[in-house]
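Now for the letters of each chain:
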Protein chains: 2
Amino acid sequence: MTLQIQPVILCGGAGTRLWPESRGDRAKQFLPLTGADSLFQQTVARTPAGEHFLPPVILCGDGHVATVRDQMGAHEARLLVEPMPRNTAAAIALAVAQADADTLLLVMPSDHVIADVPAFHAAIAKAARLAQADWLVTFGITPERPDTGFGYIASGAPIGEDGFAVDRFVEKPPLETAEAMLAAGGYNWNAGIFLFRAGRMRDAMLTHCRAIFEAADKAAAAGMRDGDALYADALLFETAPSDSIDYAVMEKDDRVAVVPVAMGWSDLGSWQAVHALAACDEADNATVGDVFLHDSLGNLIRAGGKRVSVVGMEGVAVIVDGDDILVMPLKRCQDVRAAAKARE
Amino acid sequence: MTLQIQPVILCGGAGTRLWPESRGDRAKQFLPLTGADSLFQQTVARTPAGEHFLPPVILCGDGHVATVRDQMGAHEARLLVEPMPRNTAAAIALAVAQADADTLLLVMPSDHVIADVPAFHAAIAKAARLAQADWLVTFGITPERPDTGFGYIASGAPIGEDGFAVDRFVEKPPLETAEAMLAAGGYNWNAGIFLFRAGRMRDAMLTHCRAIFEAADKAAAAGMRDGDALYADALLFETAPSDSIDYAVMEKDDRVAVVPVAMGWSDLGSWQAVHALAACDEADNATVGDVFLHDSLGNLIRAGGKRVSVVGMEGVAVIVDGDDILVMPLKRCQDVRAAAKARE
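Every value quoted in this text rests on a predicted model; they were computed, and no experiment measured them.

Peer 1: Give a detailed account of the overall build of chain A, specifying residues and quantitative values.
Peer 2: Along the backbone of chain A there are eleven helices and 17 strands. Taken over C-alpha atoms, the radius of gyration comes to 20 Å for chain A, in line with the 20 Å a tight globule of 344 residues would show. Seen through its principal axes, chain A has C-alpha atoms that stretch 60 × 50 × 40 Å. Long-range contacts, defined here as pairs at least 24 residues apart, represent 67% of the contacts in chain A between residues at least 6 apart. For chain A, the computed accessible surface area is about 14000 Å², with 50% contributed by carbon and sulfur atoms. Between the mean site of the 29 positive side-chain charges and the mean site of the 45 negative ones, chain A shows a separation of 3 Å.

Printed below as a string of structure tokens:
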């Protein structure tokens, strides 16, 4: 890479899939789920400012500004503050509106894990070449199982050695379809990581979702600066239609490329995924904190400052956070929303 | 009944089968496991001082005196304080040594549940008649299942309408033996409830376990009085061999009677037993405190001041006490000792 790439980190989410640890202002991306650093800190560290990358632009909500600054520490960053959530298209439009046309923007969620950073960097190098040729580039994760929780990307014709034209996007499929795609090959998971030239995305947005781009552009122009942060104007940003970048742009544009990559990626989208990535003992138990286990297999126990004793259990999550204690089978952990909804 | 009977309530236990709620100075008998009152308070209330019963004698350890007084409230009682645990024979010997020879003593554990108190009182009336004829009387609980956790009592010849001579005591049996006894009939569970004339038990002890009786007798005589309490002398009481009343006397004497009774008895010897007795919702879940349940069956959840959320679980105990959280299948709850041992 000769060009420096501008990382754009999306921190707007506040999911409840990892309730009770993830909730309210304590969103998943700010939690230390796989080690000492939070997922956000790991995301920042993956594209360090220097030879290849500019200091990051962080897109976040009002309630997360303090946490972002705290977790950035001494590292340089610019914050673009969304006054209210308007989904990924409007968030990315804020970053695009504030960038020079020829800057390459690398858009990344802040709550994923990537184990193989060199593989990621190699994929970025390929994607950057495609982006300079005005492709909107998405990264396709080599699928490891017929997961029904992700969208899939079908590769079309190859573009040199760097990637493929996207044939089509497939929404979260039923299991049979997922199995068929895995067997057929040429399908990758859509991880929501993108690389493009800012001016190219601006043009695409003006074509495919003009209302979103114009609302974000005006909201940024009328925004308030506070040191390293630009607070988008609330009245203007509020008028942006809420849509994902996939629906608003990627699925509509006819010059979209995919760079397939196997890089130990996980979206940590459930306690089961956290367990799968965690360091486990010989009985496949992953524990954090003061945990006593007896005759138990394949559990995820996070003691949250309390003392958890587990006897004769298999495949369950016990998650303690403050006064909240969650107990459920890891296999059922998509249903955590039921508890989160009742409790929050 | 024309004679007033002297209840003797054994509070010396400090079991860990209901850990973490039961531990250290907070023994099972002082916990409100089946309602607002503790098991000890329920035991006291079952034989109220008045026409039929004298105020109770409470046998307890040093560490439980304050709790006993607190839970007795304004009710009259005498406390016999064991300086150290020496099992039930020595405890009962203290009460026998302090009683007039013709007093009928009704010895009861303090940590059982009896749902049908009129049935209990009817059995006491029968047992009192047998005790006045110098039988050592034990109460035999009509067995409801081939439980391997209890000793059994085999009935011999009937003694009028009131009971049976005991043929033999059967130790906690293997399952096949328990099933055979249930099928054969004439076997009852040994609940550790006894009724006898004090002088008769004194004589039996002098015959079968003289060292225990003499140590207790001397320890009581040399004890310190403090209001309603007599603290047995520690140096003397310590010399008493530690043995159960069953081994030390009942199994050796040749004039032991059993009064069979069905009275909704439970020893609440496990969290599973607590669940079995608790009021449950239509999905067989029993909860105490702030509990959210979703798609869950047959669980026992005691929130202990915290907020417990349970999703998709079946047949487990979640017991919260202070900073301790126990999670285990109800079927495995005999194994709670493993956790209690590791934690205490």
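Peer 1: Residue-level account of the interface of chain A and chain B, with values.
Peer 2: Listed by partner, the interface residues are 33 residues for chain A and 33 residues for chain B. Taken as a group, Arg-307, Ile-325 and Arg-343 of chain A account for 28% of the area that chain A buries against chain B, more than any other trio of residues on that side. Applying the counting rule to chain A against chain B returns six salt bridges. A salt bridge links Arg-307 of chain B to Asp-324 of chain A; the shortest N-O distance between them is 2.7 Å. Residue assignment for the side of chain A that touches chain B shows that the elements contributing at least two residues are strand S14 (286-294), strand S15 (300-311), strand S16 (316-321), strand S17 (324-329) and helix H11 (336-343) of chain A.

Peer 1: Can you tell me about the relation of the copies chain A and chain B, naming the residues and giving the values?
Peer 2: Rotating chain A by 180° and translating it 0.0 Å along the rotation axis places it on chain B, where the RMSD comes to 0.1 Å. The relationship between the two copies is best expressed as a two-fold rotation axis. Here 100% of the contact residues of chain A are again contact residues in chain B; the copies associate through an equivalent surface.

Peer 1: So what about the side chain of Gln-71 of chain B? Which residues, and what values?
Peer 2: Assignment of secondary structure puts Gln-71 of chain B in helix H2 (residues 65-72). Contacts of Gln-71 of chain B, omitting those with residues within four sequence positions, involve Phe-30, Ser-38, Phe-40 and Gln-41 of chain B.

Peer 1: Before we move on, could you go through the packing of aromatic side chains and cite the residues and values that matter?
Peer 2: Two aromatic rings are characterised by how far apart their centres lie and by the angle between their planes. Residue and element names in this part refer to chain A. All told, the structure shown has ten aromatic pairs over all chains when counted by the stated rule. Taken together, a centroid distance of 5.6 Å and an interplanar angle of 65° make the contact between Phe-30 and Phe-40 edge-to-face. Here the residue Phe-30 occupies a position in the loop between strand S1 (6-10) and helix H1 (39-46), and Phe-40 occupies one in helix H1, the gap between them amounting to ten residues. Using a relative accessible area of 6% as the deciding quantity, one classes Phe-30 as buried.

Peer 1: Summarise the pairing of S1 of chain A; cite the residues concerned and give the values.
Peer 2: Residue and element names in this part refer to chain A. Among the five residues in S1, five count as buried, and that is most of the element. Judged by which residues are buried, S1 turns out to be covered on both faces: Gln-6, Val-8 and Leu-10 on one side and Pro-7 and Ile-9 on the other are all buried. Where S1 and strand S4 (residues 104-109) come together, five bridges link them in parallel fashion. For Leu-10, the partnering residue across the bridge sits in S4 and is Pro-109. Bridging between S1 and strand S2 (residues 57-61) involves three bridges; their strand directions are parallel. In the sheet register, Ile-9 faces S2, and the bridge partner there is Ile-58. Between the parallel pair S1 and S2, the chain is carried across by H1, and the sense of this crossover is right-handed.

Peer 1: Describe the environment of Ala-219 of chain A, naming the residues involved and giving the relevant values.
Peer 2: Tracing the backbone shows Ala-219 of chain A in helix H7 (residues 210-221). Residues in contact with Ala-219 of chain A, not counting those within four places in the same chain, are Ala-232, Asp-233, Leu-236 and Phe-237 of chain A.

Peer 1: Any details on H7 of chain A? Residues and values, ideally.
Peer 2: All names here are of chain A. In this model H7 runs 16 Å from its N-terminal to its C-terminal C-alpha over twelve residues, within 8% of the 16 Å that 1.5 Å per residue would give. Ile-212, Phe-213, Ala-215, Ala-216, Ala-219 and Ala-220 are the residues of H7 that are buried. Mapping the buried residues of H7 onto a view down its axis gives an arc of 165°, with all of them on the same face. On the buried face of H7, the contacting elements are helix H3 (87-97), helix H6 (198-208), strand S11 (229-231), helix H8 (234-237) and helix H9 (245-250).

Peer 1: How would you explain the pairing of strand S4 (residues 104-109) of chain B if you had to name every residue and give the values?
Peer 2: Every regular strand shows the same layout, with side chains that alternate between the two sheet faces. Residue and element names in this part refer to chain B. Of all six residues making up S4, six are buried, and the element is well covered by its neighbours. For strand S1 (residues 5-10) and S4, the ladder comprises six bridges, and the chain directions are parallel. Its bridge partner lying in S4, Val-8 is registered against Val-107. Sheet topology places S4 next to strand S9 (residues 187-197); four bridges connect them, and they run antiparallel. Its bridge partner being in S9, Val-107 is matched across the sheet by Phe-194.

Peer 1: Tell me about the pattern of salt bridges, residues and numbers included.
Peer 2: Taken as a whole, this structure holds 38 salt bridges over all chains when the rule is applied. For Asp-228 of chain A, the salt bridge is made with Arg-69 of chain A, and the minimal N-O distance between the two is 2.6 Å. With a gap of 159 residues between them, Asp-228 of chain A in the loop between strand S10 (224-226) and S11 and Arg-69 of chain A in helix H2 (residues 65-72) connect regions that are remote in the sequence. The exposure class of Arg-69 of chain A is partly exposed, given its relative accessible area of 31%. A salt bridge links Arg-302 of chain B to Glu-21 of chain B; the nearest nitrogen and oxygen atoms lie 2.5 Å apart. A residue pair is termed long-range when its members are at least 10 positions apart, and Arg-302 of chain B in strand S15 (residues 300-311) and Glu-21 of chain B in the loop between S1 and helix H1 (39-46) qualify at 281 residues. Bridged by salt links that share partners, the residues Arg-23, Arg-26, Asp-321, Asp-324 and Glu-344 of chain A together with Arg-307 of chain B form one connected network.

Peer 1: So what's going on with the environment of Leu-106 of chain A? Residues and values would help.
Peer 2: Residues and elements named next belong to chain A. The residue Leu-106 is located in strand S4 in this model. Judged by relative accessible area, Leu-106 falls into the buried class, the value being 0%. Along the sequence, Leu-106 and Val-308 sit 202 residues apart, while their C-alpha atoms lie 42 Å from each other. Apart from the residues lying within four places of it in its own chain, the contact partners of Leu-106 are Ile-5, Gln-6, Pro-7, Val-8, Thr-47, Phe-53, Phe-120, Ile-124, Phe-139, Ile-193, Phe-194 and Leu-195.

Peer 1: I'd like a rundown of H3 of chain A, residues and numbers included.
Peer 2: In terms of residue burial, H3 of chain A counts as a mostly covered element, since nine of its eleven residues are buried. Those residues of H3 of chain A not exposed but buried are Ala-89, Ala-90, Ala-91, Ile-92, Ala-93, Leu-94, Ala-95, Val-96 and Ala-97 of chain A.

Peer 1: Give me the lowdown on the packing of H1 of chain A against H2 of chain A, citing residues and values where you can.
Peer 2: All names here are of chain A. It is at 10 Å that the axes of H1 and H2 come closest, and there the two elements cross at 55°. In this view, H1 runs oblique relative to H2, as classed from their interaxial angle. With respect to the hand of their crossing, H1 and H2 are arranged in right-handed fashion. Residues Phe-40, Gln-41 and Val-44 of H1 form the contact with H2, whose participating residues are Val-68, Gln-71 and Met-72. Class assignment of the residues belonging to the contact of H1 with H2 gives a composition of four nonpolar, two polar and no charged.

Peer 1: Now, about unusual backbone geometry: what can you tell me, with residues and values included?
Peer 2: For the bond running from Trp-19 of chain A to Pro-20 of chain A, omega is 5°, close enough to zero to count as cis. Its identity as a non-glycine residue notwithstanding, Asp-134 of chain A has a phi of 65°, on the positive side. By the secondary structure assignment, Asp-134 of chain A is in the loop between helix H4 (117-132) and strand S6 (136-141). Even without a glycine there, the phi angle at Leu-268 of chain B is positive, about 45°. Positionally, Leu-268 of chain B belongs in the loop between strand S13 (265-266) and helix H10 (271-277). On the accessibility criterion, Leu-268 of chain B (0% relative accessible area) is buried.

About the cut-offs
Here, residues in each chain are numbered from 1, in the same order as that chain's written sequence. Ligands are numbered from 1 and chains lettered from A, in the order in which they are written. Only residues with pLDDT of at least 70 get local features here, since the model is predicted, and only at 80 or more are side-chain atom pairs given and counted; chain-wide, interface and lining totals rely on the full set of residues. Water and hydrogen atoms play no part in the side-chain values, which are based on all heavy atoms of the structure. Comment: elements are numbered from the N terminus, with helices defined as DSSP H or I runs of at least four residues and strands as E runs of at least two. Atoms counted for the radius of gyration: C-alpha only. Globule rule: 2.2 Å times the number of residues to the power 0.38. A contact between two residues is defined here by any heavy atoms of the two lying within 4.5 Å. Note on areas: Shrake-Rupley, 1.4 Å probe, and residue coverage restricted to the protein chains presented here. When charges are counted, Lys and Arg are positive and Asp and Glu negative, with His and the chain ends excluded. For the purpose of locating charges, the reference atoms are NZ of Lys, CZ of Arg, CG of Asp and CD of Glu. Values labelled buried area give the accessible surface lost by two parts on being combined, using a 1.4 Å probe and summing over both. Salt bridges are defined as contacts in which a side-chain nitrogen from Lys or Arg sits within 4 Å of a carboxyl oxygen from Asp or Glu. Superposition of the copies was done by least squares, using only C-alpha atoms of residues whose pLDDT is at least 70 in both. Pairing of aromatic rings covers Phe, Tyr and the six-membered ring of Trp, with a centre-to-centre limit of 6.5 Å; geometry is then stacked below 30 degrees between planes, edge-to-face above 60, and tilted otherwise. Exposure classes here rest on a 1.4 Å probe applied to the protein chains alone. A residue is buried below 20% of its type maximum, exposed above 50%, and partly exposed in between. Any two strands are treated as partners once DSSP identifies two or more bridges connecting them. Assignment of crossover handedness uses the view with strands pointing away from the viewer, where a clockwise path from the first strand over the helix to the second indicates a right-handed crossover. Any helix carries an expected span of 1.5 Å times its number of residues minus one. The directions considered for the arc run from the helix axis to the C-beta atoms. To obtain an axis, a line is fitted to C-alpha atoms, over the contacting stretch when the element is a helix, and the angle between two such axes runs from 0 to 180 degrees between their N-to-C directions. Just so you know how the angles are binned, under 35 degrees is roughly parallel, over 145 roughly antiparallel, 65 to 115 roughly perpendicular, and the rest oblique. Handedness of a helix crossing follows the sense of rotation of the near helix relative to the far helix, less than a right angle counterclockwise being left-handed and clockwise being right-handed. In this count, Pro and Cys sit with the nonpolar residues alongside Ala, Val, Leu, Ile, Met, Phe, Trp and Tyr, while Asp, Glu, Lys and Arg are called charged and the others, Gly among them, polar.

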